[in-house]
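Analysis of the macromolecular model
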Amino acid sequence: MGTPSPWAVLVLATVLLGLWAPRVVYGQPNFIVILADDVGWGDLGANWAETKETPHLDQLAAEGTRFVDFHSAASTCSPSRASLLTGRLGVRNGVTHNFAIASVGGLPLNETTLAEVLQEAGYTTGAIGKWHLGHHGHHHPTSRGFDYYFGIPYSHDMGCTDAPGYNLPPCPPCPRHGAAARVARRDCYTEVALPLLENVTIIQQPVALSSLAMRYAEAATRFIQRASDSGRPFFLYIALAHMHVPLWDPPPAPSSGRGIYGASLSEMDALVGRIKQVIDSHGKGNTLLWFTGDNGPWAQKCELAGRLGPFVGAWQRQRGGSSAKQTTWEGGHRVPAVVYWPGHVPAKRTSRALLSTLDIFPTLVALAGAELPPNRRFDGLDVSPVLFGRSDEGHKVLLHPNSGAAGKVGEIETLRLAQYKAFYTTGGAMACDGSIGPAEHHQPPLIFNLDRDIQEQEPLDVASGEYQAVLPMISRAYAQALEDIAADNVSVVDYSKDPAVIPCCNAQHVACRCHGAHAATPDLHAERRTTRLCL
């Protein structure tokens, strides 16, 4: 009998760890996962000295462990979120590109979410913020394992508001007086207002963006308090609107020299600081908080986009286009990550383990004493030994799916093997200057040594001894990964659209406006409840 492949051993070990994990009835920790949107690796001051707007996040890093080689599972919204909540790449869970406001489907119902596993293990579960994994019928968060939901069903640029905030190009406010007032703008949603939901009920349409952060913080505080009062462990998934456009004018903050983006970053930082303060007040050491991002900055938004840090994708930039969001360059998927759990996760530690948002699912499942879902394979690992400081070894191989800039979306044409990164396809997303880097296919692949070339500027010379030594290992790992995916139970997504499923609290009003909703009072019970549900 032959020796099993390293890839097969990794997958088998991950599955067996979950199957053999004892179920813990008492002493289960609480979990909070905070997912920032379009945040750059360099937007965290602890990562990049030029950033001054994140004192609370920097303190979180000082009191916990910072992960500097941490990656989102994809470089765009829906696929990244689907992978976080399933521990599986889009080529397995089916979510390879973003859902629309009229999407009929969502994350396939045969995929099991982290919330469903933890709910079965006795957890109270809540989701606050952006969902973007389907909002129609049973694709809604409250049908995917979350006991409570408060937020917006997709990105907050996918509907008009009365105060649109800052975007490039700018978008007009919601119309108020009939079809004649509607203005069509490229990349702007002018027909339907952005809805805010509590569970399945639309409570405000259009959303008041200026108060959204405050309302998320208040909803999170209420959820934590109620869950703590119940005596049950809780899992809270907070998917922030920050730092996705449109940005808005937050309350006055110390000047950072970064204008609207810096002020919005400060607001996000304060929100995270408030969440930390709440969980600490309920007993330090009871709750694991994991902060990270869904993908890198949206470079085409120019001064409204975040900082890449050193991960500039110089090879691509020389050929046009952005090397950030939607690409498989480091700036597209390397994101800030901090884990805080006093008494368990070491403070003042920096880890260089190769980790991913894919690891959140199997790690939290293991820490809860729950079991991984059967009959499927996982791309994530239980990295609790890394969290606890007992190891600094993460993935041997990490796959980066195409996310819109080049190649067929969702397909794997970039991978990481130790310090080496191989590209079988390259391409640049739209940059601030409007350029787009053309797709190029590479056979043999471009290979960069990230230990020496973090800017991805100069690929190894194919004639060099280093290239010739590493190419067979990369080729073998790539082939094994594709074989493993082909042998898995792969889900299929319904990406069809139907205008009838667009969330609308009153179809008789222009832009689905709810009477009185524009008042944006933070008291949920004072707002008019509507009869149109998001089902």
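I will try to describe carefully the structure that is included in this document. (Residues numbered from 1 in each chain as written. Predicted model: local features only at pLDDT ≥ 70, side-chain atom pairs only at ≥ 80, totals over all residues. Heavy atoms only, no water.)

1. Re the overall build of the chain
From N to C terminus, the chain includes 12 helices and 16 strands. By the burial criterion, 62% of the 535 residues in the chain qualify as buried. For the chain, the accessible area works out to roughly 19800 Å², and carbon and sulfur atoms hold 55% of it. (Helix = DSSP H or I, 4+ residues; strand = E, 2+ residues; numbered from the N terminus. Buried < 20%, exposed > 50% of the residue type's maximum accessible area, 1.4 Å probe, protein only. Areas by Shrake-Rupley, 256 points an atom, 1.4 Å probe, with all protein chains shown as cover.)

2. Some points on the pairing of strand E13 (residues 397-401)
The buried count for E13 comes to 5 of 5 residues, which makes it a mostly enclosed element. Judged by which residues are buried, E13 turns out to be covered on both faces: Val 397, Leu 399 and Pro 401 on one side and Leu 398 and His 400 on the other are all buried. Taken together, the 5 bridges between E13 and strand E14 (residues 412-417) define a ladder with antiparallel strand orientation. For Val 397, the partnering residue across the bridge sits in E14 and is Leu 417. (Pairing = 2+ DSSP bridges.)

3. Remarks on the side chain of Glu 111
Looking at where Glu 111 falls in the secondary structure, it is placed in the loop between helix H4 (90-93) and helix H5 (114-120). Glu 111 has contacts with Thr 86, Arg 88, Arg 92, Asn 93, Glu 116, Arg 144, Arg 376 and Ser 491, leaving out every residue within four places of it along the chain. (Contact = heavy atoms within 4.5 Å.)

4. Points about the sheet that holds strand E11 (residues 349-351)
Here we have 10 strands laid out as an open sheet, ordered E7-E6-E5-E4-E8-E1-E9-E10-E2-E11, and mixed in their pairing. Both edges of this open sheet fall to strand E7 (201-204) and E11, since each of them pairs with a single strand only. When strand polarity is set aside, the average angle formed by the axes of neighbouring strands in this sheet is 20°. With 2 bridges joining them, strand E2 (residues 65-67) and strand E10 (residues 338-340) adopt antiparallel strand pairing. Paired with Arg 66 across the strands is Val 338, a residue of E10. (Axes fitted to C-alpha atoms, helices over the stretch in contact; angles between N-to-C directions.)

5. Regarding the packing of aromatic side chains
Considering all chains together, one arrives at 16 aromatic pairs under this definition. With 5.8 Å between their ring centres and 75° between their planes, Trp 329 and Phe 448 make a pair best called edge-to-face. Residue Trp 329 is located in the loop between helix H8 (314-317) and helix H9 (330-333), and its partner Phe 448 is located in strand E16 (residues 440-449); the two are separated by 119 residues in the primary sequence. Owing to a relative accessible area of 0%, Trp 329 belongs among the buried residues under this scheme. One aromatic cluster is present, built from ring pairs that chain together Trp 131, Phe 146, Phe 235 and Tyr 237. Geometry around Trp 298 places Lys 301 over its ring, the cationic atom sitting 4.6 Å from the centre. Note that Arg 319 overlies the ring of Trp 315, its terminal NZ or CZ placed 3.7 Å from the centroid. (Phe/Tyr/Trp six-rings, centres within 6.5 Å; stacked < 30°, edge-to-face > 60°. Lys NZ or Arg CZ within 6 Å of the ring centre and 35° of its normal.)

6. As for the sheet that holds E13
Read from one edge to the other, the open sheet built from 4 strands follows the order E13-E14-E15-E16, with strand pairing classed as antiparallel. Among the strands making up the open sheet, the edge pair consists of E13 and E16. Taken pair by pair, the neighbouring strands of this sheet meet at an average axis angle of 20°, ignoring direction. With 6 bridges joining them, strand E15 (residues 420-426) and E16 adopt antiparallel strand pairing. When the sheet's bridge partners are listed, Phe 423 is paired in E16 with Leu 446.

7. Focus: the pattern of salt bridges
Proximity of charged atoms lets side chains of opposite charge pair with each other. Applying the stated criterion across every chain yields a total of 25 salt bridges. A salt bridge links Asp 294 to Arg 81; its shortest N-O distance comes to 2.9 Å. In this pair, Asp 294 is assigned in the loop between strand E9 (287-293) and H8 and Arg 81 in helix H3 (residues 77-86), connecting sequence segments 213 residues apart. Neither residue differs from the other here; Asp 294 and Arg 81 are each classed as buried. (Salt bridge = Lys/Arg side-chain N within 4 Å of Asp/Glu carboxyl O.)

8. Observations regarding the state of the cysteines
Tallying each qualifying case throughout the model produces 5 disulfides. Between Cys 302 and Cys 432 runs a disulfide, and the two sulfur atoms are separated by 2.1 Å. Taking the sign of the S-S torsion, about 110° here, the bridge from Cys 302 to Cys 432 comes out right-handed. One end of the pair, Cys 302, is in the loop between E9 and H8; the other, Cys 432, is in the loop between E15 and E16, and 130 residues separate them in sequence. (Disulfide = S-S within 2.5 Å.)

9. Notes on helix H10 (residues 360-367)
Burial within H10 is extensive, with 7 of its 8 residues counted as buried. Three or more residues of H10 are buried, namely Ile 360, Phe 361, Pro 362, Thr 363, Leu 364, Val 365 and Leu 367. Downstream of H10 by one or two residues, Gly 369 has phi in the positive range, about 75°.

10. Considerations on the environment of Thr 54
Tracing the backbone shows Thr 54 in the loop between strand E1 (30-36) and helix H2 (55-63). A relative accessible area of 0% means that Thr 54 is categorised as buried. Between the alpha carbons of Thr 54 and Val 272 there is a distance of 9.6 Å; along the sequence they are 218 residues apart. Excluding its chain neighbours within four sequence positions, the residues that come into contact with Thr 54 are Asp 43, Leu 44, Gly 45, Leu 265 and Asp 269. There is a polar contact of 2.8 Å between the side chain of Thr 54 and the backbone nitrogen of Gly 45. (Polar contact = N/O pair within 3.5 Å; in protein donor to acceptor, adjacent residues only side chain to side chain.)

11. Some points on the pairing of strand E5 (residues 148-151)
Looking along a regular strand, one sees the side chains alternate between the two faces of the sheet. Where burial is concerned, the two faces of E5 agree: the one with Tyr 148 and Phe 150 and the one with Tyr 149 and Gly 151 are both buried. Alignment of strand E4 (residues 124-129) against E5, held across 3 bridges, turns out to be parallel. Along E5, the bridge assignment pairs Ile 128 with Phe 150. In terms of strand pairing, E5 meets strand E6 (residues 196-198) through 2 bridges, oriented antiparallel. Among the inter-strand pairings, Gly 151 is bridged to a residue of E6, identified as Leu 197.

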